[in-house]
Structures are given as C-alpha cells and as structure tokens.
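Listed here are the chains, written in short residue letters.
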Amino acid sequence: MTSTKNIPTSQNESGSFSSFRSTNDCDTPIEQYQCDSTPPIHSSHRHIPTHSQDAPISSSSSPSILRNPSPPPAENLTRDDMVGDEMYSKSWFCQVLLKLIQFVAPEQLHDEIFTNIRQQGDDFLSTNSHKKQELDETFESELCELWDVSMSADVAHLLIEFNSLDLFNVVLIECKDKRCTEIVLGILSNMACCKRTLSYENQMKSVGQCIIEHSNLFATILSILTSDDYSDCPTLVQLFRLIYTLFVRQDTRHFMLEHVQLTYEPLCFILQSCCNKELLEQCSSLLRILLDECNLFETNEQNEVAYLILTSITTAINALIENETFTIDNILENLFNCLQIYTTNEYCTQMLNDHCQIIMKLIETILKYLVHDDVVQVHSVLLLSCISICNFFLYKQGLKIINKSLLEYFLIIGHTCYKNKQRHDHQKHAMRRQRSRTHSHSSNKRKEMDGNDKTANDEMLSKTHNPLINVDCEDENETTNESISTTSYALVDELFLELFYRGLKQDMSQTMETNISIFTQLNPDQRELFRKIIKHFCNIEKRLDDMLDL
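The rules behind these values
Within any chain, residue numbers begin from 1 and follow the written order of that chain's sequence. The model is predicted, so local features are restricted to residues of pLDDT at least 70 and side-chain atom pairs to those at 80 or more, both for listing and for counting; the totals for chains, interfaces and linings are taken over all residues. Excluding hydrogens and water, the side-chain values take into account all heavy atoms of the structure. Any two rings among Phe, Tyr and Trp, with Trp reduced to its six-membered ring, count as a pair given centres within 6.5 Å; such a pair is stacked if its planes are under 30 degrees apart, edge-to-face if over 60, and tilted if neither. Each helix is a run of DSSP H or I of at least 4 residues and each strand a run of E of at least 2, with the numbering of both proceeding from the N terminus. Think of it in three bands: with a 1.4 Å probe and only protein chains considered, a residue is buried below 20% of the maximum accessible area for its type, exposed above 50%, and partly exposed in between. Interaxial angles span 0 to 180 degrees and are taken between N-to-C directions of axes, which are lines fitted to C-alpha atoms, for helices over the stretch in contact. Roughly parallel covers angles under 35 degrees, roughly antiparallel covers those over 145, roughly perpendicular covers 65 to 115, and oblique covers all other angles. Should the near helix be turned anticlockwise from the far one by less than a right angle, the crossing is termed left-handed; should it be turned clockwise, right-handed. Working rule for contacts: check all heavy atoms of both residues, and any pair within 4.5 Å makes them a contact. Classification convention: Asp, Glu, Lys, Arg as charged; Ala, Val, Leu, Ile, Met, Phe, Trp, Tyr, Cys, Pro as nonpolar; all other residues, Gly among them, as polar. One less than the number of residues in a helix, times 1.5 Å, gives the span that helix is expected to have. For this analysis, a nonpolar core means a set of buried residues of the types Ala, Val, Leu, Ile, Met, Phe, Trp, Tyr and Cys, connected via side-chain atoms within 4.5 Å.

Engineer: Before we go on, may I ask you to explain the packing of aromatic side chains in this structure?
Structural biologist: Centre distance and the angle of the planes are the two values used to describe a pair of aromatic rings. For the structure shown, the criterion picks out 5 aromatic pairs. Judged by centre distance (6.2 Å) and plane angle (80 degrees), the rings of Tyr-489 and Phe-537 are edge-to-face. In this pair, Tyr-489 sits in helix H21 (residues 479–508) while Phe-537 sits in helix H22 (residues 524–537), placing the two residues 48 residues apart along the sequence. Each member of the pair, Tyr-489 as well as Phe-537, is classed as buried. Taken together, the ring pairs connect Phe-496, Phe-519 and Phe-530 into an aromatic cluster.

As structure tokens, this is what we get:
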C-alpha cells in the first residue's frame with residue numbers, strides 16, 4: 001500500500017500532507033518559520049469565537065477588539081532608548097510592564113526581580129497598592145501593542161532582559177482577568193517563535209528554551225493546561241498555540257515530550273465537545289504534530305490513549321459535518337490527516353478496523369462535498385487523505401467497504417487524474433522540445449558572434465534568447481505542485497488497481513451466497529470509464545509487459 005509518510009514537505013512535516021495545504025495568517029507554519037517555529041499571531045487577528053448553546057466552552061468573557069496593529073508610540077526616540085534596530089522605545093515597554101505588575105500584584109512591584117524594569121520605567125508610573133479587577137480600554141490597547149511587536153527578536157530579547165518571564169508567571173498565577181491572561185499567553189507564544197539565540201544564565205539559548213527552563217513559569221503553564229477550566233476559548237487558543245510552538249521547535253521538543261501525557265485529556269475533551277473553530281484548528285494542528293513528527297504511538301504501550309484519541313477525532317469530524325455552517329477547512333484537513341497517519345502505524349490496525357464503518361461513512365460525506373459535477377480538486381490535501389484511508393481499508397477488508405456512491409466518486413476522481421496526467425505529460429513534452437530548440441538556436445548564435453564582443457554578446461544572448469533561466473525559476477516554483485500531483489496519481493493508481501484485483505477475486509469466488517459484483521451496478525458509461533482508467537491511467541498492459549520482461 002502506498003504510504004504518504006515520505007512525501008517531501010516544505011515545513012519538515014514528514015508523513016503529513018499539511019505542507020501542501022492553504023494557509024491563513026494565523027497559527028500555521030510558513031516558510032519563514034519552518035522546521036522549528038510557528039509564525040507569530042497578532043492581537044488584532046482575533047475573531048469573535050462562536051459556540052453552540054450547549055457547548056461547555058464559552059468566550060463571553062473575552063470580547064473581540066477590532067483594531068489595526070500599530071507600533072507603540074516612540075516620540076523623540078534616542079539611540080539608547082531603541083530596542084535593538086527596531087524603532088521601539090525601551091521606556092514604553094517598561095511603562096507597560098510596570099502597569100502590568102501593578103495590575104496583577106502591586107505588592108510585588110518593588111521585588112528585586114523587577115529592578116531592571118523599575119530603573120527605566122519609574123518616571124512613567126506612580127505606584128500605589130490598588131489592585132484593579134478589570135482591564136481598562138487604554139491599558140488593554142497598550143498590552144495589545146506589546147503583543148503585536150513581541151514577534152520581533154529584539155523585543156523578545158528585551159523582555160527576557162527585563163525578567164518578564166517572572167512577571168508573566170505572576171500574571172498567570174494572580175490575574176483573574178481572562179483577557180489579560182490571553183494576551184500574556186499570546187506574547188509568550190510570539191516570543192517562543194523567535195529563532196535568534198541570546199545569552200541567558202551564561203549560555204546561548206533560544207527564547208523557547210528560556211521559557212521551558214524557567215521552572216516556575218512552565219509549571220504555571222502546565223497547571224493552566226490541567227486545571228479543567230475550559231471556560232474561555234481565546235485563552236485556550238493561545239495556550240495550545242504556545243504548546244504547539246514548543247512541540248514544533250527542535251530545541252524544545254524533547255523536553256515537551258516528557259510532559260506530553262498532560263495534553264491527552266484536554267485535547268480529547270475539546271475535540272469531543274468544542275464548537276469553536278479557532279480552538280479546534282489549534283488543537284487539531286497540535287494533534288497532527290504529536291502523531292506525525294513526535295511519533296506519539298510508535299509502540300503498543302499507549303493503545304488505550306490512541307483509541308481514545310481516535311474516537312475523539314471521529315467525534316469531532318462528525319460534529320463538524322453535522323454543523324449547519326459546514327465548510328471544508330483546515331480543521332478537517334488536520335483531522336483526516338491524523339486518521340491517515342493512524343493507517344501507517346501497525347499498532348493501530350485493530351482499532352481502525354473497529355472504527356471502519358464510522359470512518360468510511362465520514363469519508364463518503366466528505367467526498368460528496370469534494371466531488372461533484374465532474375469537478376475534483378486533486379490537489380486537495382483532504383481528498384488525498386481520504387483516498388489513502390480508503391486504500392488502507394480496501395486492502396484490509398476488501399470490497400465490502402465500497403458502495404455504489406463511493407465507487408462513482410472514485411470514478412470521477414480517477415478520470416480527473418487521468419486527464420490531468422495527460423495534460424501534464426503533454427506540457428512536459430512540449431517543454432522539452434522548446435528547450436531543445438532554444439539550445440540549438442543559442443548555439444548557432446554564439447558561432448556567428450565576433451570574438452572581440454563575445455563576452456558582451458554572451459551576456460546579451462543569455463538575457464534575450466535564452467528563456468531557460470525563467471523556465472528553471474518556474475520549475476522551482478512548481479516543485480510543490482508536482483510533488484502533490486505525483487502523490488495523488490500514486491494513491492489513485494493504487495486505489496484502482498486494488499479495486500480491479502478485488503473485483504476479479506470476487507467474480508471468481510463461488511462460495512459467496514450472493515455473488516453480485518459492485519461493478520454490475522454501474523451504467524455502461526461508468527463501466528467503460530473504469531476500463532479506460534485501468535487500461536490507460538494505470539497502464540496495465542505496460543505493467544504486464546514489464547513484469548514478464550516482454
């Protein structure tokens with residue numbers, strides 16, 4: 001069976017189709033942060049979460065603030081007051097951090113750990129012991145500005161220099177305002193994305209390493225994760241985004257894997273009961289990383305947990321499909337990708353067989369949305385995951401998992417791949433002919449050139465008569481599409497060869513009580529299409545010749 005585990009991905013996510021999927025501005029890896037981080041999220045990117053009335057998760061305590069992100073004010077900025085090379089004011093950061101200390105724990109304002117902040121920020125804040133219960137609009141806006149700029153490596157390093165991790169730990173422990181907690185977790189998530197190392201405790205470390213090695217702060221983060229308080233979705237989004245970032249980073253992953261068991265229960269609870277799409281997307285992304293890159297169930301020692309997570313995935317998919325506002329989105333891509341990863345694990349075969357009927361029903365529903373009017377997005381990651389899962393069950397259980405509707409969907413998919421492959425082969429042939437003609441033309445031109453002007457003319461020729469440079473650039477840009485096309489052709493080819501083999505085996509069987517072939521339910525045009533796909537797309541004759549060395 002064709003495995004998707006070795007598909008090349010641009011985000012170093014082996015075994016996953018996720019690198020080919022469309023991305024949004026939040027919470028999904030992009031090229032700039034590949035291999036060890038996730039992109040920063042802005043406070044201004046938040047949307048109002050939606051829930052069903054009975055959902056146990058609510059976001060009513062965290063109203064959305066709509067504003068355009070802008071840099072913090074920096075009037076009369078001097079070089080000494082600049083944050084690295086950024087046009088931000090250190091004094092402004094100190095002012096906001098001092099306000100944050102006063103907001104959550106004014107009695108700790110003069111602690112030694114906050115000396116660095118006080119030295120540059122006392123002029124901006126008159127201290128008092130009054131502890132506020134809610135953020136006012138001005139201070140919340142300032143915290144949001146801090147959140148926006150915390151993606152900068154210079155700012156992240158400045159916050160470390162100011163012992164802000166100690167401050168953020170106090171906020172997460174003492175603060176009762178959920179919006180403030182959300183912002184602090186968002187700032188930490190942005191800081192954890194920073195790749196540039198800094199000197200911390202006489203060693204060069206990344207900001208992510210500083211966070212996990214700050215024992216008090218990391219213990220507080222874990223306590224929030226295991227607190228059973230799932231009442232505020234925006235806070236949970238930032239919490240799981242921070243955990244996701246720390247799992248994705250190579251320099252913090254090993255440490256996070258030591259605490260991975262703490263994520264199982266909240267992940268399963270959210271998948272089974274949450275209707276907030278932003279939180280579901282973050283949790284499904286984390287789960288995909290755990291199953292894929294972290295090889296969560298590479299042994300059979302955690303079968304019970306694997307079974308629970310599998311049940312949670314199918315429950316979440318079913319809830320999404322039954323939702324009145326159902327759309328194909330990244331959540332479904334992540335969840336079906338997780339199911340596909342299960343099929344590559346030998347220890348998960350039996351639990352998948354137990355869920356076969358449920359999963360195939362979900363796939364049939366998804367194909368109903370993906371395949372219609374002879375239009376198929378063969379580059380859809382969700383579609384490829386579905387086909388790969390079907391191949392697994394077809395190989396394990398035979399044609400009994402296939403009904404007439406599924407077979408009709410497969411025929412449309414196969415025909416689309418056949419036409420796309422024909423078109424692609426024709427384009428490649430035309431490209432080779434064009435290159436051959438261009439090379440011949442360029443060689444003739446060079447022979448006619450005057451020796452004295454050879455260098456100049458060669459340069460001009462390369463610019464005016466040799467489109468190969470542009471062609472190579474275009475080829476490089478199309479590498480990802482070609483990779484996923486190759487994967488889709490391989491998966492569909494495997495699917496139809498297995499259908500062909502199973503159909504032959506069924507027709508030859510004399511022991512079945514009802515030996516009615518699924519293929520007899522197709523109309524003549526569909527039967528002819530199946531024959532065409534087997535003969536030309538799967539190239540059965542050439543394969544037979546190759547096998548027999550004819």
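Engineer: Quick question: what am I supposed to make of the packing of helix H9 (residues 233–248) against helix H11 (residues 261–273) here?
Structural biologist: Axis angle and axis distance: for two packed helices, these are the angle between their axes and the distance between the axes, and together they describe the pair. Closest axis-to-axis distance for the H9/H11 pair is 13 Å, and the angle between their directions is 130 degrees. By the angle between their directions, the pair H9 and H11 is classed as oblique. In the crossing of H9 with H11, the sense of the turn from one axis to the other is left-handed. Contact residues: Phe-240, Ile-243 and Phe-247 in H9; Thr-263, Pro-266, Leu-267 and Ile-270 in H11. For the contact of H9 with H11, the per-class residue count stands at 6 nonpolar, 1 polar and no charged.

Engineer: Help me out: how do you make sense of helix H13 (residues 303–322) in this one?
Structural biologist: For the α-helix, the turn length of 3.6 residues means that residues three or four positions removed from each other point alike. In this model H13 runs 29 Å from its N-terminal to its C-terminal C-alpha over 20 residues, within 8% of the 28 Å that 1.5 Å per residue would give. Within the sequence span of H13, burial applies to Ala-306, Ile-309, Leu-310, Ser-312, Ile-313, Thr-314, Ala-316, Ile-317, Leu-320 and Ile-321. In this fold, the buried residues of H13 make contact with H11, helix H12 (277–291), helix H14 (330–343), helix H15 (349–354) and helix H16 (356–370).

Engineer: Which parts of the structure should I look at to understand the nonpolar core?
Structural biologist: A general feature of soluble globular proteins is that nonpolar side chains tend to end up buried together. Ranked by size, the top nonpolar core spans 153 residues in total, and within it Leu-188, Met-191, Phe-336, Tyr-342, Phe-496 and Leu-499 carry the most contacts. Look past the residues within four positions of Phe-496 in its chain and what remains in contact with it is Phe-410, Leu-411, Gly-414, Phe-530, Ile-533, Ile-534 and Cys-538.

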